Structure formats: structure tokens, C-alpha cells
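Examination of the molecular architecture
Chain residues, written in single-letter form:
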Amino acid sequence: MEQLLDAALFNATLRMITPILLAALGGALCSRVGLFNVGLEGLVLIGAFSSIVGNYLFHNVVIAIIFAILIVSFFSLVFAFVSINLKANEIVVGLSINFLAAGLTTFSLRAIFDVKGAYYDKDMIGLPKWDIPFIQDIPWIGDVISGHSPLVYLAYILVFVLHFYLFKTVSGFRLRSVGENPVAAQSLGIPVRRTQYLAVLMCGILCALAGAQLSLGQVTMFTEGMTAGRGFIALVATMLGQSSPILVMASSILFGFMEALGIRLQGFSLPSHFTNMLPYIITLAAMFFFKDKTYAQDAQKAGGSSR
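Residues numbered from 1 in each chain as written. Predicted model: local features only at pLDDT ≥ 70, side-chain atom pairs only at ≥ 80, totals over all residues. Heavy atoms only, no water.

**Notes on the overall build of the chain**
Cut-off, in case you're wondering: Secondary structure is summarised from DSSP: a helix means a run of H or I of at least four residues, a strand means a run of E of at least two, and numbering begins at the N terminus for each. Only C-alpha atoms enter the radius of gyration; for comparison, a globular chain is expected to reach 2.2 Å times N to the power 0.38, where N is the number of residues. The Shrake-Rupley method, run with a 1.4 Å probe sphere, supplies the accessible areas, and residue values consider only the shown protein chains as cover. All tallies of charge rest on Lys and Arg as positive and Asp and Glu as negative; His and the ends of each chain are not included. For the purpose of locating charges, the reference atoms are NZ of Lys, CZ of Arg, CG of Asp and CD of Glu.
Secondary structure assignment for the chain yields 14 helices and two strands. For 307 residues, the compact-globule estimate of 2.2 N^0.38 gives 19 Å, and the C-alpha radius of gyration of the chain, at 19 Å, lies within 12% of that figure. Total accessible area on the chain stands at roughly 14,500 Å², and carbon and sulfur atoms take up 69% of it. Averaging the coordinates of the 18 positive side-chain charges in the chain and doing the same for the 15 negative ones gives two points 14 Å apart.

**Comments concerning the packing of aromatic side chains**
Let me state the cut-off plainly: Centre distance within 6.5 Å is the pairing criterion for rings of Phe, Tyr and Trp, where only the six-membered ring of Trp is used; planes under 30 degrees apart are then read as stacked, over 60 as edge-to-face, and the remainder as tilted. For the exposure calls, accessible area comes from a 1.4 Å probe over protein chains only, and a residue counts as buried if that area is under 20% of its type's maximum, exposed if over 50%, partly exposed in between.
On inspection of all chains with the given rule, the structure shows nine aromatic pairs. Between F74 and F75, the ring centres sit 5.4 Å apart and the planes meet at 80°, which makes this aromatic pair edge-to-face. With a relative accessible area of 11%, F75 lands in the buried category. An aromatic cluster is present here, built from F49, Y56, F113, Y119 and F222 joined pairwise through their rings.

**Describing the confidence of the model for the chain**
Let me state the cut-off plainly: Per residue, pLDDT captures the predictor's confidence, and it can take any value from 0 to 100. The contact rule is simple, with two residues in contact once any of their heavy atoms fall within 4.5 Å.
Of the residues in the chain, 91% have a pLDDT of 70 or more, and the chain-wide mean is 87. Mean pLDDT in the chain bottoms out at helix α14 (residues 295–303), which sits at 46, and peaks at helix α3 (residues 61–85), which reaches 96. Overall, residues 298–306 carries pLDDT values under 50, and its contacts beyond four positions in sequence, including any with other chains, amount to 13 contacts.

**Quick notes on the nonpolar core**
Our working rule: Here, nonpolar core refers to any group of buried Ala, Val, Leu, Ile, Met, Phe, Trp, Tyr and Cys residues whose side-chain atoms link them within 4.5 Å.
Grouped together as the largest cluster of nonpolar side chains are 78 residues, with contacts concentrated most on L21, L25, I65, C207 and F222. Residue contacts for L25: discarding those within four places in its chain leaves A155, L158, V159, L162, L206, P245 and V248. Counting residues in hydrophobic clusters, the runner-up holds eight residues, among them M16, A260, L265 and L278.

**Some thoughts on the packing of helix α2 (residues 40–58) against helix α4 (residues 90–113)**
The condition is simple: Helix axes are fitted to C-alpha atoms over the stretch in contact, other axes to C-alpha atoms as well, and angles between N-to-C directions run from 0 to 180 degrees. Angles are sorted into four bins: roughly parallel if under 35 degrees, roughly antiparallel if over 145, roughly perpendicular if 65 to 115, and oblique for all others. Two helices crossing with the near one rotated counterclockwise from the far one by less than a right angle form a left-handed crossing, whereas a clockwise rotation gives a right-handed crossing. Polar here means any residue outside two lists: the nonpolar Ala, Val, Leu, Ile, Met, Phe, Trp, Tyr, Cys and Pro, and the charged Asp, Glu, Lys and Arg; Gly therefore counts as polar.
Direction vectors running N to C along α2 and α4 enclose 20°, while the axes themselves pass 7 Å from each other. Here α2 is positioned roughly parallel relative to α4, judged by the angle of their axes. Here α2 and α4 pass one another in a crossing that is left-handed. Between α2 and α4, the contacting residues are L40, E41, G42, L43, L45, I46, F49, I52, V53 and Y56 on the first element and I97, N98, A101, A102, T105, S108, L109, I112 and F113 on the second. Of the residues assigned to the contact of α2 with α4, the class counts are 14 nonpolar, four polar and one charged.

What follows is the structure, given as C-alpha cells:
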């Protein structure tokens, strides 16, 4: 048991959590303005591919992340326009984004890099690993917390920043009112559509960071479909967390730990087909036992459409 639950497992857990957590925070923002963004999987996949392309073109990690943010923001705005202005069903639009991302990244992989399946460049430099002074010297704790990419630390900082913004600021209260009762928010002069656009745009930025962590922070390569359902797991984390950043983080920790545990169990001669199922089994179990009403359901009863 000590060999299983060691510092390396929890160190890996923090890395595994990060893409799920960032995407889930983006989904929470969309949910807070009354939009159910099923397209998280596709947005994260586009972010992962765009980060590699940006790094390939500019040979700079920071510019690569900015490039990914711009590309994913464009697709996020497409989602916002079709869902908000054209009043299309956001679930259908989100699924379309997912299918578009899968096909577009596969095509672009062959068109840009002339390879199939995966792209890897041994000379490509990924995100740096930060060793935290003093903490890195603490036994066990230093092995768990220190030595991660900047995006890992940024993800946890954003949890508390978003929590403060949503529940302690006037702007955050206005954003929440858009999702809870858009008619009342409109009557008070709150720009409902503009608020929804900003939330979707922020979701795109967070999904771009999640993709960058996947392709530049963990493996420094891109493979077709490398998100492997993490966007959908992030969607479940958003629902379980009731779109509250703190609770979303708790849900993400559960899923990230199961993913890291599944990889670790492969070293104990367990079949990889079984261990790879663990995160998704937990996801299904969580959805089965999740029976509480969400604030969005209450808002629909109280005020009507989110648009």
C-alpha cells in the first residue's frame, strides 16, 4: 500500500487534475450565465493542437499559449453566436464543436506536419517545471507540490479568484443573475447577451490553457483525440460541483486521482484496459448518485429561458 499511495502518485494527481479543472471552471462560468457548454471536449482538443502548432511556428512556449487562446477563443465565439444570437440548442452546438474539433485536428495534423496519429519533435521545449523555494525541501510535501508547470499552479489560484469574483463582487453577482433570472437581470439594465459572450470567451481561454497543459505541460506532443474524454469528465465535474469553483475543484480532484491511480495500477500487473476504465467508471457512478437539483433548474422554474 505504501508503494501505491506514495508521493509520486499524488504528484501525478495534481498534473492529471489540471486539464479537467481548467475546463470545468470554464464550464462553470458558462453554466452561471445559463449556457450548458457540451463543447468543452472539442475546445480543449483544439487548444492542445493549437499549442503545438504555436510552439512549432514561433519556438516560444508563451507565444504558443497565446496562439492557442486566440484560436480557441474564435471557436468559443462561434459557439456563443450560434447559441445566443441564433438561439440554437447549445447541446447540439456543443456536440458539433466536438465533432468539428476531432476532424479538424486530424486533418490539420496531416496538412501541417505531414504525419498521421501523432506529432513529436525531440527539439520542442514544453512548459517549464517550477521548483518552489523552501517547499521543495520539505519531505514528501515538496515531492508532491513542487516541480509542476506554471499552469498547474495557475489552475488552483483561479479557483479562489473565480470564487471571490462570483460570490464577493458586484460584477460576479450580475453574472450569476443572468443565469438565474435573465428577465429580471435585463429589467435592471444588465447586458445579458454581452455577459454571456464574456463568460463563453473566458471559458474558451480556460479550455485553451487546459489543452496547453495536456500537450506542452505533460507530454510535449500531440496525438489524435488526446483529450480522451477529459472534456466530458470536466462537464460532469461542473455538474457535481454545482458550478461553484471550490466544489468543482473537489470534483476534479476525485476524477484526477482516479486517473492517476489507474496509471499507477498498471505497474502492478493489472490489465491496462481495466485501469483505463477507472476515471469513466467513477464518472458514471457520480452521475448515478447525483440527484440534487441544480440552481439552473430552480432558475428555470422561477424565471424562464436563459436567453
